[in-house]
Amino acid sequence: GFIAPPGHNDDDDEDEHKPPFQYPLKEIASKTTDKEKFLSVYPCLRDSIAEYFATKHEMVPEGVNWITEMIDYSCVGGKMNRGITVLTVARTLSGSSGLTPREEARASVVGWGIEFLQAFFLVADDLMDDSKTRRGQPCWYLLPKVGTIAVNDSFLLESFVFTFLKEHFGKEPYYIKLVELFLETIQQTECGQLLDLTSQPKDAKTADLSRFTIERYRKIVKYKTAFYSFYLPVASAMLMSGVTNSKSFKTARNICCIMGEYFQIQDDVLDCYGTPEVIGKVGTDIQDNKCSWLIVQALDRATPEQRKVIEENYGKWDDAKVAKIKAIYNEMGLKSVFEKYEEDSYAEIQEELKKINDIPQEVFTLFLDKIYKRSK
Ligand SMILES: CC(C)CCOP(=O)(O)OP(=O)(O)O
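For every chain, the first residue of its written sequence is number 1, and the numbers climb from 1 along that sequence. For this predicted model, a pLDDT threshold of at least 70 governs which residues receive local features, and a threshold of 80 or more governs which side-chain atom pairs are given and counted, while totals over whole chains, interfaces and linings are taken from all residues. Remark: hydrogens and water are excluded; side-chain values derive from all non-hydrogen atoms of the structure.

A.B. asks: Looking at this structure, I do not really get the overall build of the chain. What am I missing?
C.D. replies: Of regular secondary structure, the chain possesses 16 helices and two strands. The globule rule puts the C-alpha radius of gyration for 376 residues at 21 Å, and the 22 Å found for the chain is close to it. Each principal axis of the C-alpha atoms in the chain carries an extent, and together these give about 80 × 50 × 40 Å. Looking at the chain residue by residue over its 376 residues, the buried ones come to 50%. Once local pairs closer than 6 in sequence are excluded, the contacts in the chain between residues at least 24 apart make up 76%. With an accessible surface of roughly 18100 Å², the chain has 55% of that area assigned to carbon and sulfur atoms. Only DSSP runs of H or I covering at least 4 residues are called helices, and only runs of E covering at least 2 are called strands; the numbering of each starts at the N terminus. Here the globule rule is a power law, 2.2 Å times the number of residues to the power 0.38, and the radius of gyration is based on C-alpha atoms. Exposure classes here rest on a 1.4 Å probe applied to the protein chains alone. A residue is buried below 20% of its type maximum, exposed above 50%, and partly exposed in between. Contact between two residues is taken to exist if any of their heavy atoms lie within 4.5 Å; hydrogens are not considered. Here, Shrake-Rupley sampling with a 1.4 Å probe gives the accessible areas, and only protein chains in the shown set may cover a residue.

Set out below in structure tokens:
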């Protein structure tokens, strides 16, 4: 007879008899906006993780409670642009037939996989950047009971993504491609984070400004932001909708990298000029010695005197020094430089979109309209 592989236990067979996941179909059908439909799926997904850990991994009650609290704290409260985009793009690609509530629910599950991925990245990113607030509350690692446990929590968040993919899409023909897309995107993002975190030597007495070039900046943002924030939602929806030709994926990748750079530049400007109550966080790029779009633009324009001030004051956790950097940014009028850039790049993206004929342009314009001239 069949010899079970080592480590196999009979419980795994019981999974087959587990009641199928109950999608909130009535809830979803009663909602009108994609955001509301997307949000309807969250509670049962979060409960399914808790139940999964309690049964499959024999997790003790306080462990289940920790996981549930950690998920609620770190996965909701953002704009959910990435997650909602999967639902919107899947509907756009479905053509006139539209999506059934079940298809909307399943597209939302992939979307929540990306929101859990976002939480995985942000929990770790805030710890590494020494950030104080995120989405209007203290960063998870700053809670007295958490600290560096946040590292394991970010790993757990990543693992939940693949639990969702297996539970809901394990039998789909595109399952392996979907998993490989997520794995490649995670690796790309981690490469971008590496570039971002090492753009300055940690122990430098003064900033080594020579590294703050537009070329390095563009590579950092393509890898740390564009792939997971733009390409992953679009490509996931394409896979679920049965798109297979590689040219379409290449087209999507190119335009998503352009939009991702635009989005990150907005984030860099908001980090300095955004209001903390609106963006939900207090910016730390200057203190963190980050290769921000603002410092790249400032160095492009700096007089020798301004360069000296930047050298002595950039990358320091000292309010007076941060103020000196912001004063230079204001002298240079970088906020209006950004506003002009925003107009130009919006026009450039529209031009690029006009060239696309193998994917409905709406796939990108719906996303672009969400982020254009955003204040958070
Ligand atoms: C800029 C990006 C890499 C990190 C923040 O992403 P975001 O503005 O989409 O954050 P939210 O998920 O909180 O909306």
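A.B. asks: In this structure, what is going on with the site of the ligand? I would like to understand it.
C.D. replies: If a single non-hydrogen atom of a residue is within 4 Å of a molecule or strand, that residue counts as near it. Taken together, the residues surrounding the ligand are Gly-78, Lys-79, Arg-82, Gln-118, Arg-135, Thr-225, Tyr-228, Phe-263, Gln-264 and Asp-267. Polar contact is the term for a pair of N or O atoms within 3.5 Å; when the atoms are in protein, one must be able to donate a hydrogen and the other to accept it, and sequence-neighboring residues count only if both atoms are side-chain atoms. Contact between the ligand and Arg-135: an oxygen atom at 2.8 Å from a side-chain N or O atom of the residue. Isolated, the ligand exposes 400 Å² of accessible area, and the fraction of that covered by the protein chains is 91%. For the shell around the ligand, the elements supplying multiple residues, two or more each, are helix H9 (214-240) and helix H10 (246-273).

A.B. asks: Just to check I follow, could you spell out the environment of Asp-268 for this structure?
C.D. replies: Along the chain, Asp-268 falls in helix H10. Not counting residues within four places of it along the chain, the set of residues in contact with Asp-268 comprises Tyr-217, Asp-285, Ser-292, Trp-293 and Leu-294. Only 2.6 Å separates the side chain of Asp-268 from the side chain of Tyr-217, close enough to count as a polar contact.

A.B. asks: Quick question: what am I supposed to make of unusual backbone geometry here?
C.D. replies: Glycine aside, negative phi is the norm for most residues, and most peptide bonds take the trans geometry. At Asp-130, a residue that is not glycine, the phi angle is positive and equals roughly 60°. Even without a glycine there, the phi angle at Lys-373 is positive, about 60°. On the secondary structure map, Lys-373 appears in the segment after helix H16 (362-371).

A.B. asks: Got a minute to help me understand the packing of helix H5 (residues 81-93) against H16 in this structure?
C.D. replies: Each pair of packed helices gets described by two things: the angle between the helix axes and the distance between those axes. Lines fitted to the C-alpha atoms define the axes, with helices restricted to the stretch that makes contact. Angles between their N-to-C directions range from 0 to 180 degrees. Where H5 meets H16, the axes come as close as 9 Å, and the angle between the chain directions of the two elements is 150°. For the element pair H5 / H16, the angle class is roughly antiparallel. Relative to H16, H5 is oriented so that their crossing is right-handed. Contacts between H5 and H16 involve Asn-81, Ile-84, Thr-85, Thr-88, Val-89, Thr-92 and Leu-93 from the former and Glu-362, Val-363, Leu-366, Phe-367, Lys-370 and Ile-371 from the latter. Looking at side-chain class alone, the contact of H5 with H16 contains seven nonpolar, four polar and two charged residues. What sets the label is the angle itself: under 35 degrees gives roughly parallel, over 145 gives roughly antiparallel, 65 to 115 gives roughly perpendicular, and the rest give oblique. Crossing handedness is defined as follows: a turn of the near helix away from the far one that is anticlockwise and smaller than a right angle gives a left-handed crossing, while the clockwise case is right-handed. Any residue outside Ala, Val, Leu, Ile, Met, Phe, Trp, Tyr, Cys, Pro, Asp, Glu, Lys and Arg is labelled polar, Gly included; the first ten of those are nonpolar and the last four are charged.

A.B. asks: I tried to follow the packing of H10 against H16 on my own but got confused; where do I start?
C.D. replies: One can describe the packing of H10 onto H16 by two numbers: an axis separation of 11 Å at closest approach and a directional angle of 5°. Taken together, the axes of H10 and H16 lie roughly parallel to each other. Residue-level inspection shows Ala-252, Ile-255, Cys-256, Met-259, Tyr-262, Phe-263 and Gln-266 of H10 in contact with H16, the latter providing Phe-364, Phe-367, Leu-368 and Ile-371. Counted by class, the contact of H10 with H16 contains 10 nonpolar, one polar and no charged residues.

A.B. asks: Honestly, the packing of aromatic side chains in this entry has me stumped. Any pointers?
C.D. replies: Given two aromatic rings, their pairing is described by the distance between the two centres and the angle made by the two planes. Aromatic contacts are taken between Phe, Tyr and Trp rings whose centres are within 6.5 Å, Trp giving its six-membered ring; a plane angle under 30 degrees counts as stacked, one over 60 as edge-to-face, and the others as tilted. Evaluated as defined, the whole model comprises 22 aromatic pairs. Their ring planes at 80° and their centres at 5.0 Å tell us that Phe-116 and Phe-164 sit as a pair that is edge-to-face. Of the two residues, Phe-116 is situated in helix H6 (residues 101-129) and Phe-164 in helix H7 (residues 149-169); the sequence distance between them amounts to 48 residues. For the pair shown, Phe-116 and Phe-164 are each scored as buried.

A.B. asks: Sorry, what's going on with H9 here?
C.D. replies: Since the α-helix packs 3.6 residues into each turn, any two residues three or four apart lie on the same face. Roughly 60° is the biggest bend found in H9, and it falls at Ala-226. A large share of H9 lies buried, amounting to 20 of its 27 residues. Once H9 ends, the next one or two residues include Gly-242, with phi positive near 85°. At any given residue, the bend is defined as the angle formed between two axes, one fitted to the seven residues that end at that position and one fitted to the seven that begin there.

A.B. asks: Would you mind going over the state of the cysteines with me for this structure?
C.D. replies: Here, disulfide denotes a covalent bond that connects the sulfur atoms of two cysteines. Counting rule for disulfides: a pair of cysteine sulfur atoms within 2.5 Å. Scanning the entire structure with this criterion turns up zero disulfides. This cysteine, Cys-191, is not joined by any disulfide, and Cys-257 carries the nearest cysteine sulfur, 14 Å off.

A.B. asks: How should the environment of Ile-220 be read in this particular structure?
C.D. replies: When you line up the elements, Ile-220 lands in helix H9. Given the relative accessible area of 1%, Ile-220 is considered buried. Note: C-alpha distance between Ile-220 and Phe-21 (199 residues apart in sequence) is 39 Å. Those residues within four positions of Ile-220 in sequence are excluded, and the remaining contacts are Gly-192, Leu-195, Asp-196, Ser-199, Thr-225 and Cys-291.

A.B. asks: Whenever I open this one, the nonpolar core confuses me. Can you help?
C.D. replies: Generally speaking, nonpolar side chains in soluble globular proteins are found buried as a group. Put simply, a nonpolar core is a bunch of buried Ala, Val, Leu, Ile, Met, Phe, Trp, Tyr and Cys residues held in one set by side-chain atoms that sit within 4.5 Å of each other. The biggest cluster of nonpolar side chains holds 110 residues, and the ones touching the most others in it are Phe-116, Leu-157, Phe-160, Phe-182, Tyr-329 and Phe-364. At 14 residues, the largest contribution of residues to this core is made by H9. Ignoring any residue separated from it by four or fewer positions in sequence, one finds Phe-160 in contact with Ile-49, Phe-53, Ile-67, Met-70, Ile-71 and Phe-116.

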